[in-house]
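What the coordinates show
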Amino acid sequence: MVLARAGQREPFGFRPCRLNRLRPLQSRIFEATFSISDSASNLTAMAKSAAAPFRADPTPPKFPALEEEILAFWKQNGIYEKSLERRADAPPFVFFEGPPTANGMPHPGHCLTRAIKDVFPRYKTMRGFRCERKAGWDTHGLPVEVEVGKELGIHSKEEIENYGIEPFIHKCQQSVWRYMQQWQRLTERLGFWVDLEKAYVTYHQSYVESVWWSLKNLFDRGLLYQGHKIVWWWAQGGTALSSGEVGQGYREVADPSVYVLFPLVDQPNDSDAQRSLLVWTTTPWTLPSNMYAAVHPELDYTLVRDSESGEEIYMASALVTKIAEKSKREFETVETCKGTDLIGLRYTPPFDGYKSSTGDPLGELVQPDGDQKTLHHFWRVVEADFVTTDSGSGIVHQAAAFGEVDYEVYDRERRRFVEGQQPQLLCAVGPDGKFVEAVSDDLIGVWVKDADKPLSRLLKERGLMFLQEQYLHDYPFCWRADQDPLIQYPRESWFIRTTKFRDLMLKNNSQIGWQPEHIRDGRFGNFLESNVDWALSRERYWGTPLPIWVCQETGRMEAIGSYDELLAKPGISGTEVWEQAKAADPALVDDLRVHKPYIDEVTYESPFAAGARMKRVSEVIDCWYDSGAMPFAQWGWPHNGDTEFKSQFPADFISEAIDQTRGWFYSQLAIATMLFGEGASISEDGYASAPSELTKTDADYPLPFRNCIVLGLMLSQWWEALDDDGKKIIALEESETKQHKGKKFTKQIGKMSKSLRNYRSPEEIFDRYGADALRWYLFANQAPWNSIIYAEQSIKDSIPEFLLRLWNTYSFFSIYAAIDGFDPCAAVDFDDQLSPASLASAPKYRPAAERSEIDRWILSELQQTIAKVIERMDALDNYNACQAISSLLDGLSNWFVRRSRDRFWASDKESQDKHDAYWTLYETLIQLTKLAAPFTPFLADSLWKRLTEPFAGKVLESVHLCDYPTSDDSVIDVELSESMRLLREIASLGRAARAAEKLKVRLPLSEVTVILTDDSKIGWLQNHDALVREELNVKAVHYTTEGDQYVQYTVVPNFKRLGPKVGKQVPAVKKALGEADGNELLAALQSKGVVSISLGDSAIELDSEDIEVRLKAKEGWAAAQGLGSVVVLNTEVTPELQREGIAKDLVRAIQNQRKAIECEYTDRIEVSIDAADDQVAEAIKEHGALIGGETLADTLQAGTLEGVESVDSEHGAVYVRKVTG
RNA sequence: GGGCGUGUAGCUCAGUUGGUUAGAGCGCGUCCCUGAUAAGGACGAGGUCCCAGAUUCGAGUUCUGGCACGCCCA
């Protein structure tokens, strides 16, 4: 049928094809008379009406094109802005945008985060909240520098400095916007409503100044301090490498593995033997910097006597045999002990360089151990959890300067001593990787890796080298100079004392609603538990400069909280460097004045020493600090934006992927905990605390976000094969693999890879299927915290599964509404969002309670769905919200519409039932459109425009300006839902029984009998059996509970109820019920209300709630069984029924032939049938009118049609010819 | 090596305080419908719920120990 071709939107009423059907048909042979069909009279009325309010919209849309239209509409009419204006005075729902970096291309993973970040604000806005959505961009950091470095073909810091920091910074500033357009396009095209124009940018001066303010705050409270950080260091290049860079340079090498004797200082009195620790290390060059020897407190250790030398040696018990074998010695056990027993023992260090220069210093303990108030700084046995017996000796050499875990041990030890008496870090190596401290005079200036051999020789000479071997392991080399091994090396670094806030961070964390919940006590909670101080500084160029100025004479420091504060300092100088640069190049953005190198030039008079200058330290800060400061820095607070900040903190909702656990989730929490609420009053001893305005009570101040959805990773799915040249062929859909004949493809799931091109770009997805398809896929297919497979086919599938289904339901409505001229404007009191209550003003609008069952049913389902969606969305559960919407759409499309077709086609245009049907469908579509709006905003708005077209501008122009529907409990009828569910089950069982008996639906049957376990719903079912009769093509339906002849009753326990009641007797009850006669039990239950079961000596009474009656169809019936019902078919086919079935078969055969000869839907035909037997001829005679009417046949004769090819049907040859002229 | 997570139909995923016939979509098979028609629909097949043990009247669900995979950190 062609009602209107694609793009045509003409009113339906004048379609000539309908009017043709007015002409009665005469069948010459069978003399059937035709009455004017119902539909024809309907059309007559239609033809006379003026242009209908609705236009038939039968063609499925091209969703991408439709979305582009909607995008243009939103833009032109400022819909997003209007949606905010409407909520100007509403309570806030605060959303924080975690800033992405725009110097890389956006990829599918960003679609997920941006879609989730859109759906909840949209929902909350419709629910009546003011949800501002300020975009943001993360612009600082090493990735930006690397990107610029690639462009310039340079890598090292030295090269950058040769190139010039000033032009390098300019390049960085420009580079961060490289993919801005793509980002903006993605954001917009996906339908992510966010204010890009007022986006915060981390390099902006106001942002930097907010960060400065916060750092000054921390500095003034004594929480910002200098210390050491162990980094992977490229000694030859003089720079630290990021973990990513280090990861690139691993390769397998052979390194020495040495077991060294550390003689114990306090030897036992009762023995002359020398006692030593057997200490293991794989880096002999770090031995001169030895500070401790570490044991695991829980491990067993054995003191052995070397039978050859008589020495007594401690080692892990588990390793005694292994070490004896390796060293070819014989050991006898002297004694065994736990690691804890060794802790505190003192030894002589392997090299005495430090001992001779520093002596053996003592320090005062913070917490004295009994009488012991002091402790030696170095050369003691300490405990460490990381010691294992996998290799080595179970006692590990500790050189804190050259290992991160070693440094942690040192740091722990250091804190045991009072301030000023703490041990220094022993480091015998300079930043160039060469020895500086005298181990032996020969070694000064020797590169560490060249020192292993001479050091080993020295140890041997002194009898301390117990065992030496080689072992293979992966070790990092510099990725730019692959002969240069990296070493771990301590660098001066700035730290924030976050450990002081650990408990408070945990407390704040406990207030956060994490989705999924396990993040709180799992990954994030554990991370907080093991909190270490935040290493803040970076020896780089493009980042927020650390705002600390140092007195060049005294070394005393102060922090600066804003640029103006800096300018107000006495004797300021150096600002002219920026002014000159700006004058030379007016295009420079002003924000650069607070960046390197300009800010480094600004100095002022020292308040600490007359005549001295204050100069900034050289470092910039970790860009994670930037992002974590966004809650206030996005407003430039506290220098600006006081109102905004106070109304927009803390956030109600944020979302990012799980990789942000240690990133943005942590940086936000840490910064907010330190600056606001209870944490603001915490300072180091002797330092000021923060202003009291920041220390609001925590009760209404959970920090810094109330809810967070932690998204899973996004993976790709593709098919892979090798072509003849051994190159990979990638197919993104399974169907694509068929283009490569003879190639064997294997399905792959894994990370997305730009080089492999194993995923479809978001832009292509939008062009092929549209943003709504992608969004629906992301929202409705799995809980968002599971890893999501970005599979093209699955995205494509969301079109038929949801989008097209919704569209087709609307399309059905539009076709019939056009035919009947249904006009919703009859509701004169309509409000601007067509709320159901306001539509009630239409003359033919009846309250739901007065409408037919199926109307009440779908309206009840609608209200239940609304309640469910709201409940789920308020719990940030988009998945189950979508499931509820899907399920409603299924009910609407597959039951309400299907079972209401006749009502829409009915001839009496003014019948109340027809109006009920329209109002029901219209209201449901309107509400469904609103429900879907946050999820599929394009389709929803497109439907809204079409559904509200008759109101011509008198209602809200976009669905996104509407209020979200609220549930009307008075319309909910749970019992009706239950009854309808049973009715649908009966229909389904009937179809199954038919299929099993090979009785196709076209063959009418005389009756079905439905056996139920109880009679509570029989009355209702009888009133609605027309639905079942039509659905199953039967003449009659009988309902009964007396089904003994058809079914066997069995009684099973209701375990949920019986379990708590009878406990351990459950199996006995089950057995007794199983053995009893079901029919008798049922009879007893019906007459007395209870059944009695004997269990050995005792008896137990069970009521109808305790047990459940089940039915099982007996053999020999055409039956199908469900949980509480059995449907039995009467399979007797009378000649009458047979003939009716034959007629329907013929209709189908003729219709197929119409299609085969390419008839338009309106074409008239001539039909001849060469009947196979008398029965067929009889059927044609009896049902000729039906056949002719259905197939638009002008003539229907027996025999053949000359010049026409016949088609065989089981009832004879069928000839069909188009009537021309 | 440590932490966290995941493991359910051919595939992708749901599965409520533990309740005895474990669900959906896709795919597959069979079929229906032909006035939503370049649509729509039904029915069916398909499961050792990763393995082992424990708790319990009862375990996909709780506990313990494994295995596999993924992520983060070493």
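Please read these numbers as outputs of a predicted model, since none were measured by experiment.

**A closer look at the overall build of chain A**
Broken down by element type, chain A carries 41 helices and 42 strands. A globule of 1221 residues ought to have a C-alpha radius of gyration of about 33 Å, yet chain A, at 41 Å, is considerably larger. When burial is assessed residue by residue, chain A has 54% of its 1221 residues classed as buried. Contacts in chain A between residues at least 24 apart in sequence constitute 77% of all its contacts with a sequence separation of at least 6. Put simply, chain A shows about 52,800 Å² of open surface, and 47% of that area lies on carbon and sulfur atoms. Charged side chains of chain A number 136 positive and 182 negative; the gap between the two group centres comes to 4 Å.

**Quick word on the side chain of R775**
Take R775: it is sitting in helix α27 (residues 771-780). The buried category is assigned to R775, whose relative accessible area is 0%. Among the polar contacts made by the side chain of R775, one reaches the side chain of D118 at a distance of 2.7 Å. Contact partners of R775, with chain neighbours within four places excluded, come to D118, V119, R122, L190, G191, F192, P934, F935 and P937.

**Considerations on the pairing of strand β20 (residues 548-551)**
The two faces of β20 match: I548 and V550 on one face and W549 and C551 on the other face are all buried. Bridging between β20 and strand β21 (residues 557-559) involves three bridges; their strand directions are antiparallel. If you follow V550 over to β21, its bridge partner there is M557. The turn joining β20 and β21, which pair antiparallel and follow one another in sequence, is formed by five residues; a positive phi near 80° is taken by G555. Bridging between β20 and strand β23 (residues 613-616) involves three bridges; their strand directions are antiparallel.

**Here we look at α27**
For an α-helix, 3.6 residues make a turn, and residues three or four places apart therefore share a direction. Of all ten residues in α27, ten are buried; the element is thus mostly enclosed. What α27 keeps buried is the set A771, D772, A773, L774, R775, W776, Y777, L778, F779 and A780.

**Topic: the sheet that holds strand β31 (residues 1005-1012)**
Strands sit in the order β32-β31-β38-β37 across an open sheet of four strands; the sheet is mixed. Looking at the sheet topology across the chains shown, the edges are occupied by β32 (1034-1040) and β37 (1118-1121). Averaged over all adjacent pairs, the angle separating strand axes in this sheet is 20°, with direction ignored. The sheet contact formed by β37 and strand β38 (residues 1125-1129) spans four bridges and is antiparallel.

**Section: the pattern of salt bridges**
Under the counting rule described, the total for this entry stands at 78 salt bridges. Its salt-bridge partner being R497, residue D533 comes within 3.5 Å of it at the nearest N-O pair. Of this pair, D533 sits in the loop between α19 (523-529) and β18 (534-535) while R497 sits in the loop between β16 (487-496) and α17 (502-511); the two residues are 36 residues apart in sequence, bridging distant segments of the chain. For the pair formed by D533 and R497, the shared burial category is buried. Each of D411, R414, R415, R497, K500, D533 and E684 takes part in a single network of salt bridges with overlapping partners.

**Structural notes on the environment of E684**
Turning to its location among the elements, E684 is positioned in the loop between α25 (661-675) and β26 (707-711). Considering only alpha carbons, one finds E684 and P60, 624 residues apart in sequence, at a separation of 68 Å. Side-chain polar atoms of E684 contact the side chain of K500, separated by 2.6 Å.

**Here's the deal with the confidence of the model for chain A**
Confidence along chain A averages 84 in pLDDT terms, with 93% of residues attaining 70 or more. Taken as a whole, residues 1-50 scores under 50 in pLDDT and shows 92 contacts with residues more than four places along the chain or in a different chain.

**Here's the deal with the nonpolar core**
If you look at the biggest cluster of nonpolar residues, it comprises 163 residues, and the most contacted ones within it are L774, F813, F896, L921, Y922, F935 and Y1039. Sorting elements by how many residues they give to this core places helix α28 (residues 792-820) first, with 14 residues. Those residues in contact with Y922 that lie beyond four places of it in its chain are F54, F813, F822, P824, L834, L839, L947, T948 and F951.

**Topic: the environment of S1094**
Turning to its location among the elements, S1094 is positioned in strand β34 (residues 1090-1095). The class of S1094 is exposed, set by a relative accessible area of 55%. Sequence-wise, S1094 and A1072 are 22 residues apart; in three dimensions their C-alpha atoms are separated by 7.6 Å. Once you skip the residues sitting within four places of it in the chain, S1094 turns out to touch A1072 and A1099.

Conventions and cut-offs
- Residues numbered from 1 in each chain as written.
- Chains lettered and ligands numbered in written order.
- Predicted model: local features only at pLDDT ≥ 70, side-chain atom pairs only at ≥ 80, totals over all residues.
- Heavy atoms only, no water.
- Helix = DSSP H or I, 4+ residues; strand = E, 2+ residues; numbered from the N terminus.
- Rg over C-alpha atoms; globule rule 2.2 N^0.38 Å.
- Buried < 20%, exposed > 50% of the residue type's maximum accessible area, 1.4 Å probe, protein only.
- Contact = heavy atoms within 4.5 Å.
- Areas by Shrake-Rupley, 256 points an atom, 1.4 Å probe, with all protein chains shown as cover.
- Lys, Arg positive; Asp, Glu negative; His and termini not counted.
- Charge placed at Lys NZ, Arg CZ, Asp CG, Glu CD.
- Polar contact = N/O pair within 3.5 Å; in protein donor to acceptor, adjacent residues only side chain to side chain.
- Pairing = 2+ DSSP bridges.
- Axes fitted to C-alpha atoms, helices over the stretch in contact; angles between N-to-C directions.
- Salt bridge = Lys/Arg side-chain N within 4 Å of Asp/Glu carboxyl O.
- pLDDT = per-residue confidence, 0-100.
- Core = buried A, V, L, I, M, F, W, Y, C linked by side-chain atoms within 4.5 Å.

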